[in-house]
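Spelled out from the first residue to the last, the chains are:
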Amino acid sequence: AQSVTQPDIHITVSEGASLELRCNYSYGATPYLFWYVQSPGQGLQLLLKYFSGDTLVQGIKGFEAEFKRSQSSFNLRKPSVHWSDAAEYFCAVGPLGGGGNKLTFGTGTQLKVEL
Amino acid sequence: GAGVSQSPSNKVTEKGKDVELRCDPISGHTALYWYRQSLGQGLEFLIYFQGNSAPDKSGLPSDRFSAERTGGSVSTLTIQRTQQEDSAVYLCASSQGSTGELFFGEGSRLTVL
């Protein structure tokens with residue numbers, strides 16, 4: 001069965017500092033990997049996704065993530081955090097191709113940004 | 001509409017009552033998903049509809065939960081005889097094709113007193 005682990009429940013960073021959110025997955029094949037962000041009172045918005053090819057993927061709002069197969073990881077990074085980045089971040093893994101895009105989500109990492 | 005629309009945005013009900021939550025997906029999206037988001041527990045998959053195929057109900061937690069999708073568009077999630085542990089945010093998402101990208105609504109927050 002597939003699973004996603006986000007080991008950090010809460011992270012606090014200062015505005016302008018760099019950020020890395022950890023995500024480890026368990027999956028029996030090459031996965032689709034996603035990062036979503038949820039601002040308070042809102043639905044989830046896709047930040048970026050990895051399907052294949054270049055293991056470093058760029059997303060919206062200046063975020064990037066690197067797929068490391070050997071470590072089963074897909075960590076999210078941003079060089080300089082803005083106060084508006086405060087939100088909850090979810091990593092997700094999904095099946096390849098047809099048969100549905102049912103995603104398995106991690107428990108999320110709550111990001112707080114100190115001014 | 002431009003995005004996934006869910007209603008009601010908030011619902012407070014008494015234990016034992018039935019509730020219905022509605023989801024209107026993005027026009028043209030053939031796949032529709034329901035997830036439940038409980039405090040500190042991430043998103044839990046409930047049910048998935050794809051076109052005219054039989055839905056994947058593998059995530060429904062009990063037989064008190066059911067969902068239907070009429071005409072391949074709007075979906076209703078029904079919870080019968082609500083319990084306090086049903087309190088959560090119920091999120092609907094839709095997608096098109098095999099891109100894996102789910103588009104989420106803002107959710108329906110259910111509180112069972």
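That block above? That's the structure.
Please read these numbers as outputs of a predicted model, since none were measured by experiment.

Conventions we followed
Residues numbered from 1 in each chain as written. Chains lettered and ligands numbered in written order. Predicted model: local features only at pLDDT ≥ 70, side-chain atom pairs only at ≥ 80, totals over all residues. Heavy atoms only, no water. Core = buried A, V, L, I, M, F, W, Y, C linked by side-chain atoms within 4.5 Å. Buried < 20%, exposed > 50% of the residue type's maximum accessible area, 1.4 Å probe, protein only. Helix = DSSP H or I, 4+ residues; strand = E, 2+ residues; numbered from the N terminus. Contact = heavy atoms within 4.5 Å. Pairing = 2+ DSSP bridges. Axes fitted to C-alpha atoms, helices over the stretch in contact; angles between N-to-C directions. 1 Å grid on protein atoms, 1.4 Å probe; cavity = no way out; pocket = protein on both sides within 12 Å on 5 of 7 lines; lining within 4 Å. Points joined across faces, edges and corners; volume = space filled by probe spheres on them. Nonpolar A, V, L, I, M, F, W, Y, C, P; charged D, E, K, R; others polar.

Caption draft 1: Main features of the nonpolar core. All names here are of chain A. Counting 26 residues, the largest nonpolar core has Leu19, Trp35, Leu47, Leu48, Phe74, Leu76 and Tyr89 as the members making the most contacts within it. Of all the elements in the fold, those that place two or more residues in this core are β2 (10-14), β3 (19-21), β5 (32-38), β6 (44-50), β8 (64-68), β9 (73-78), β10 (87-94) and β12 (109-114). For this core, the leading source of residues is β10, giving 4 residues. Residues contacting leucine 76, with those up to four places away along its chain left out, are Leu19, Glu20, Leu21, Trp35, Leu47, Leu48, Phe63, Glu64, Ala65 and Tyr89.

Caption draft 2: Local environment of the sheet that holds strand β7 (residues 75-79) of chain B. All names here are of chain B. The strand order β1-β3-β7-β6 describes an open sheet built from 4 strands, whose pairing is antiparallel. This sheet does not close on itself; its edge strands, each paired only once, are β1 (5-7) and β6 (65-69). Each strand axis lies, on average, 15 degrees off the axis of its neighbour in the sheet, ignoring direction. The pairing of strand β3 (residues 19-24) with β7 spans 5 bridges and is antiparallel. Paired with glutamate 20 across the bridge in β7 is threonine 78.

Caption draft 3: Structural context of the layout of surface pockets. Counted as a void, the largest pocket has a volume near 680 Å³. If you go around the largest pocket, you meet 30 residues; those closest to its centre are A:Gln38, A:Glu88, B:Gln37, B:Val89 and B:Arg109. Counting residues per element, the ones that place at least two in the lining of the largest pocket are β10 of chain A together with β8 (88-95) and β10 (108-112) of chain B. Split into classes, the residues belonging to the lining of the largest pocket amount to 8 nonpolar, 19 polar and 3 charged. Looking at the second largest pocket, its volume works out to about 170 Å³. Lining of the second largest pocket is provided by A:Leu44, A:Gln45, A:Leu46, B:Gly3, B:Val4, B:Ile26, B:Glu101, B:Leu102, B:Phe103 and B:Phe104. Only β6 of chain A together with β9 (103-104) of chain B provide two or more residues apiece to the lining of the second largest pocket. Here the lining of the second largest pocket gets 3 residues from one element, more than from any other, and that element is β6(A).

Caption draft 4: Molecular detail of the pairing of β3(B). Residues and elements named next belong to chain B. Judged by which residues are buried, β3 turns out to be one-sided: Val19, Leu21 and Cys23 face inward and are buried, whereas Glu20, Arg22 and Asp24, on the alternate face, are not. Here β1 runs beside β3; their pairing, made up of 3 bridges, is antiparallel. Directly across from glutamine 6, in β3, lies its bridge partner cysteine 23.

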